[in-house]
Amino acid sequence: MTDSKNINNPVGQGGGQRKKLSRAERQNNGPHRNRDRQNAADQKAELVRKMREKARAAEAAAQASGDTAQS
């Protein structure tokens, strides 16, 4: 029996062979991570857009109330 516990040759992992992981995948930089990064960037962009809309609405409301108070 081998004593190797390499990720590509795990001991005690029954049920057949494991897929060989590329170097990038072993470092958690596989294609799935690129999708995760893109999803995170999309969520951040949406959040920033919503925050800017709220800030504009609050600014417009403040100007409107300021205009009526000064008249």
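Residues numbered from 1 in each chain as written. Predicted model: local features only at pLDDT ≥ 70, side-chain atom pairs only at ≥ 80, totals over all residues. Heavy atoms only, no water.

Enquirer: Would you mind going over the overall build of the chain with me for this structure?
Expert: Counting secondary structure elements, the chain contains two helices and zero strands. Across the 71 residues in the chain, those meeting the buried criterion constitute 1%. (Helix = DSSP H or I, 4+ residues; strand = E, 2+ residues; numbered from the N terminus. Buried < 20%, exposed > 50% of the residue type's maximum accessible area, 1.4 Å probe, protein only.)

Enquirer: Help me out: how do you make sense of the pattern of salt bridges in this one?
Expert: Side chains that carry opposite charge are capable of pairing whenever their charged atoms lie near each other. Enumeration over the complete set of coordinates arrives at two salt bridges. Where Glu-46 meets Arg-49, a salt bridge forms, and the shortest distance between an N and an O atom there is 2.4 Å. Linking Glu-46 with Arg-49, this pair stays in helix 2 (residues 31-70), spanning three residues, or about one helical turn. The exposure class assigned to Glu-46 is partly exposed, which follows from its relative accessible area of 34%. Given a relative accessible area of 38%, Arg-49 falls into the partly exposed group. For Glu-53, the salt bridge is made with Arg-49, and the minimal N-O distance between the two is 2.5 Å. Of this pair, Glu-53 and Arg-49 both sit in helix 2, separated by four residues, roughly a single helical turn. (Salt bridge = Lys/Arg side-chain N within 4 Å of Asp/Glu carboxyl O.)

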